Amino acid sequence: MMKISHLLPPHESRSSRRKEAHSISGQGSQSLLTSAATVQGFKARICCLFALLSLLLAAPARAIPQYLGDLNADNKVDVTDLVLLINHLNAVQGSAGGPPVGAGGSPAQLPFPLNFFADVNQDGFLNQSDVDALSEMILGSQPVVFFPLTTLRETSPASGEGDVSVNRETIFRFTQPLSTNTVLTANHLYATFGGRRLLARVELATDRKTATLFYLEPIPSSARVRVTFNADDLQDFLGRSLDLDGDGAAGGLKLVDFDTHSNTAVPGTAVIGHVYASDQMPGTNATNFINRPLAHVLITVDGMEE
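Residues numbered from 1 in each chain as written. Predicted model: local features only at pLDDT ≥ 70, side-chain atom pairs only at ≥ 80, totals over all residues. Heavy atoms only, no water.

Asker: An account of the overall build of the protein is requested, with residue identities and associated values reported.
Answerer: Across its full length, the protein holds 4 helices and 10 strands. Secondary structure elements in the protein, listed N-terminal to C-terminal, are α-α-α-α-β-β-β-β-β-β-β-β-β-β. Counting across all 306 residues of the protein, residues that qualify as buried make up 29%. When contacts within the protein are restricted to residue pairs at least 6 apart in sequence, long-range pairs at least 24 apart make up 61% of them. (Helix = DSSP H or I, 4+ residues; strand = E, 2+ residues; numbered from the N terminus. Buried < 20%, exposed > 50% of the residue type's maximum accessible area, 1.4 Å probe, protein only. Contact = heavy atoms within 4.5 Å.)

Asker: Any details on the nonpolar core? Residues and values, ideally.
Answerer: Membership of the largest hydrophobic core comes to 24 residues, with the highest contact counts inside it found for Leu189, Tyr215, Val227 and Phe229. Elements supplying a minimum of two residues to this core: β2 (170-174), β3 (189-193), β6 (210-215), β7 (224-230) and β8 (253-259). With residues near it in sequence (within four places) discarded, Phe229 still touches Phe172, Phe174, Leu184, His188, Leu189, Ala211, Leu234, Leu244, Leu253 and Lys254. Counting 18 residues, the second largest nonpolar core, distinct from the first, contains Val77, Leu85, Leu89 and Phe237. (Core = buried A, V, L, I, M, F, W, Y, C linked by side-chain atoms within 4.5 Å.)

Asker: Run through the sheet that holds strand β5 (residues 200-204), naming residues and quoting values.
Answerer: Paired through their backbone hydrogen bonds, the strands of a sheet run either parallel or antiparallel. Strand order in the open sheet made by the 4 strands is β1-β2-β6-β5, with antiparallel pairing throughout. The two strands at the open ends of the sheet, each matched to only one other strand, are β1 (152-156) and β5. Adjacent strand axes in the sheet meet at a mean angle of 15 degrees, parallel and antiparallel pairs treated alike. For β5 and β6, the ladder comprises 5 bridges, and the chain directions are antiparallel. Opposite Val202, over in β6, you have Leu213 as the bridge partner. (Pairing = 2+ DSSP bridges. Axes fitted to C-alpha atoms, helices over the stretch in contact; angles between N-to-C directions.)

Asker: Residue-level account of the packing of aromatic side chains, with values.
Answerer: Any two aromatic rings considered together are summarised by their centre-to-centre distance and by the angle between their planes. For the structure shown, the criterion picks out 7 aromatic pairs. Taking the centre distance of 3.9 Å and the plane angle of 25 degrees together, the rings of Phe117 and Phe147 count as stacked. In this pair, Phe117 sits in helix α3 (residues 114-117) while Phe147 sits in the loop between α4 (128-139) and β1, placing the two residues 30 residues apart along the sequence. As far as the burial class goes, Phe117 and Phe147 line up, both buried. Residues Phe174 and Phe229 carry aromatic rings whose centres are separated by 5.9 Å and whose planes lie at 75 degrees to one another, so their mutual orientation is edge-to-face. Residue Phe174 is located in strand β2, and its partner Phe229 is located in strand β7; the two are separated by 55 residues in the primary sequence. Taken individually, Phe174 and Phe229 each receive the classification buried, so the pair is uniform in this respect. Put simply, the rings of Phe112, Phe116 and Phe237 touch in pairs and so form one group of aromatic residues. Sitting above the plane of the Tyr190 ring, Arg197 keeps its charged end 3.7 Å from the centroid. Arg201 extends its terminal NZ or CZ atom over the ring of Phe214, reaching a point 4.6 Å from the ring centre. (Phe/Tyr/Trp six-rings, centres within 6.5 Å; stacked < 30°, edge-to-face > 60°. Lys NZ or Arg CZ within 6 Å of the ring centre and 35° of its normal.)

Asker: Before we move on, can you summarise the sheet that holds β3 with the specific residues and values?
Answerer: A sheet is described by the order of its strands in space; here 4 strands give the open sequence β4-β3-β7-β8, paired in antiparallel fashion. In this open sheet, the two edge strands, each paired with only one partner strand, are β4 (196-197) and β8. Where β3 lies against β4, 2 bridges are found, and the strand directions are antiparallel. Residue pairing across strands places Phe193 opposite Arg196, the latter belonging to β4.

Asker: Please give an account of the pattern of salt bridges that cites residues and values.
Answerer: In this structure the tally under the stated criterion is 8 salt bridges. In this structure, Arg224 and Asp259 form a salt bridge, with 2.4 Å as the shortest nitrogen-oxygen distance. One end of the pair, Arg224, is in strand β7; the other, Asp259, is in strand β8, and 35 residues separate them in sequence. (Salt bridge = Lys/Arg side-chain N within 4 Å of Asp/Glu carboxyl O.)

Asker: For the packing of helix α2 (residues 79-92) against α4, give the residues involved together with the corresponding values.
Answerer: The interhelical angle for the contact between α2 and α4, taken along N-to-C directions, is 175 degrees, at an axis separation of 10 Å. With respect to each other, α2 and α4 are oriented roughly antiparallel. Mapping the contact onto sequence places Val79, Asp81, Leu82, Leu85, Ile86 and Leu89 in α2 and Gln128, Asp130, Val131, Leu134, Ser135 and Ile138 in α4. Each residue belonging to the contact of α2 with α4 can be placed in one class, and the counts come to 8 nonpolar, 2 polar and 2 charged. (Parallel < 35°, antiparallel > 145°, perpendicular 65-115°, else oblique. Nonpolar A, V, L, I, M, F, W, Y, C, P; charged D, E, K, R; others polar.)

Asker: Requested: an account of the side chain of Thr228, with residues and values cited.
Answerer: Its location among the elements puts Thr228 in strand β7. If sequence neighbours within four positions are ignored, Thr228 has contacts with His188, Leu189, Tyr190, Lys254 and Leu255.

Asker: So what's going on with α4? Which residues, and what values?
Answerer: The terminal C-alpha atoms of α4, which comprises 12 residues, lie 16 Å apart, in line with the 16 Å expected from a rise of 1.5 Å per residue. Residues of α4 that are buried: Asp130, Val131, Ala133, Leu134 and Met137. On an axial view of α4, the arc spanned by its buried residues comes to 165 degrees, and they lie on one face. Its buried side turned inward, α4 meets α2. Of the residues that open α4, the one with a side-chain oxygen 3.1 Å from the backbone nitrogen of Ser129 is Asn127. Of the residues trailing α4, Gly140 is marked for its positive phi of about 90 degrees. (Expected span 1.5 Å × (residues − 1). Arc of directions from axis to C-beta. Polar contact = N/O pair within 3.5 Å; in protein donor to acceptor, adjacent residues only side chain to side chain.)

Below, the structure is given as structure tokens:
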């Protein structure tokens with residue numbers, strides 16, 4: 001019988017070949033196991049990502065209502081909205097005037113921006129008057145209306161007002177906040193007199209509901225001043241154009257005309273007297289104090305400083 005031991009290299013034995021084969025086989029199995037674990041981990045991560053994406057897509061975004069008084073964004077005004085409003089008022093425990101629109105914090109309170117939809121009578125406060133107005137809507141005695149465009153609640157001075165101080169700023173108060181990226185410039189809000197613009201600066205309050213025009217030069221006395229507010233490129237907190245002229249349609253200018261007070265001297269009159277210091281000086285005895293007159297005091301009249 002022929003032996004096959006001579007087919008192996010002289011320095012190798014069958015036992016060493018078996019060990020080598022077993023080692024190669026072990027390395028291959030370990031490599032396959034590592035690859036399988038990597039694939040399984042990758043699949044697990046993909047599944048987690050898909051699950052997270054599904055949850056995000058399934059989670060409903062907070063909708064913006066269309067109607068005034070719709071406090072749960074279900075496109076209707078009913079008793080549920082009335083309960084939400086009453087719970088909100090109970091949570092803030094407002095005084096007789098009611099909390100200003102925009103107050104929040106408690107879980108029972110209406111979140112932004114639904115609190116603005118609760119101001120049913122649009123007076124800038126949430127109180128019993130809004131509960132009554134919402135009840136009338138639910139009962140049908142008052143119509144359900146779309147949430148109005150942002151307009152001006154009031155101006156100070158009012159248009160047509162007279163005897164206005166020459167040191168008084170001009171204020172515009174909005175029914176709802178302007179957008180967070182609003183930047184007011186001198187081209188949006190400015191005052192004119194005698195065919196020229198008065199030197200002034202514009203500031204928007206932190207709640208974005210009040211714009212103020214501060215004058216950097218004396219306003220002429222006995223003058224008709226016109227303040228112009230052009231908001232064609234401005235938007236409110238819902239991304240809508242403003243309705244400054246209050247006609248229910250987007251756009252429009254707001255013009256405020258007011259008359260400053262008159263400082264024309266009355267013939268034959270003058271101001272004569274003394275100016276005393278706020279602190280008195282000792283008199284003739286320890287308990288007697290008398291007024292201390294001040295010398296070289298300059299008295300000016302607003303609008304006639306020069």
